[in-house]
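In case you want the letters, here they are:
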Amino acid sequence: PELTYAWIFNEYPSFVHQDNRRFVSQETGNLYIAKVEASDVGNYTCVVTNTVTNSRVLGPPTPLILRNDGVMGEYEPKIEVQFPETVPSAKGTTVKLECFALGK
């Protein structure tokens, strides 16, 4: 891919590492965090890298705030799927499809 996405947590060089709760979509650049914890609170900055020119652009910091009032936003479950009609691939290669279930 010509563009790659990463996220900085609070300040460089502290990048968000993907694990069982954090995921960075290389399709959209979106950062997904499941089961937000107090340690996730801070500022997140998106970094887009053009691999052809090896140049980077940083977005504005986006704050993540943990609510302390016990009120959780509720919305109906929604599944986001943006699969193409077909996905050509060579035999033996890995194909990754992104699907997200959101809501309560």
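Per an unreviewed UniProt entry, the recorded name for the protein chain is CNTN4 protein, and the organism is Corythaixoides concolor. Looking at the protein chain in UniProt, the text filed under Subcellular location (unreviewed entry) is "Cell membrane".

Got a sec to walk through the pattern of salt bridges? Specific residues and values, please.
Going through the model one piece at a time under the given rule, you end up with four salt bridges. D19 is the partner of R22 in a salt bridge, and the nearest nitrogen-oxygen pair spans 2.4 Å. Within the structure, one salt-bridge network assembled from shared partners comprises D19, R21, R22, E37 and D40.

Quick rundown of the packing of aromatic side chains? Include the residues and the values.
Throughout the structure, instances matching the rule amount to three aromatic pairs. Between Y12 and F15, the aromatic rings sit 5.8 Å apart at their centres with planes inclined by 80 degrees, giving edge-to-face as the arrangement. A residue is classified by how much of its surface remains accessible, and Y12, at 56% relative accessible area, is exposed.

Mind laying out the nonpolar core, listing which residues take part and the relevant values?
Core analysis: the biggest nonpolar cluster contains eight residues, these being Y5, W7, F9, V16, V24, L31, Y44 and C46. The set of elements that each furnish at least two residues to this core consists of strand 1 (3–9) and strand 4 (42–50). Take this core: its biggest share by element is three residues, from strand 1.

Summarise unusual backbone geometry; cite the residues concerned and give the values.
Cis peptide bonds are those with omega within 30 degrees of zero, and the linkage from Y12 to P13 qualifies with 10 degrees. Inspection of the secondary structure puts P13 in the loop between strand 1 and strand 2 (22–24). Even without being glycine, K35 reaches a positive phi, approximately 50 degrees. Here K35 lies in the loop between strand 3 (31–33) and strand 4. Assessed through its relative accessible area of 72%, K35 is described here as exposed. A positive phi is found at N54, a non-glycine position, where the angle reads about 55 degrees. Here N54 is to be found in the loop between strand 4 and strand 5 (55–58).

Reading the values: the criteria
- Residues numbered from 1 in each chain as written.
- Predicted model: local features only at pLDDT ≥ 70, side-chain atom pairs only at ≥ 80, totals over all residues.
- Heavy atoms only, no water.
- UniProt positions renumbered as here; feature names shortened; annotations may be inferred.
- Salt bridge = Lys/Arg side-chain N within 4 Å of Asp/Glu carboxyl O.
- Phe/Tyr/Trp six-rings, centres within 6.5 Å; stacked < 30°, edge-to-face > 60°.
- Buried < 20%, exposed > 50% of the residue type's maximum accessible area, 1.4 Å probe, protein only.
- Core = buried A, V, L, I, M, F, W, Y, C linked by side-chain atoms within 4.5 Å.
- Helix = DSSP H or I, 4+ residues; strand = E, 2+ residues; numbered from the N terminus.

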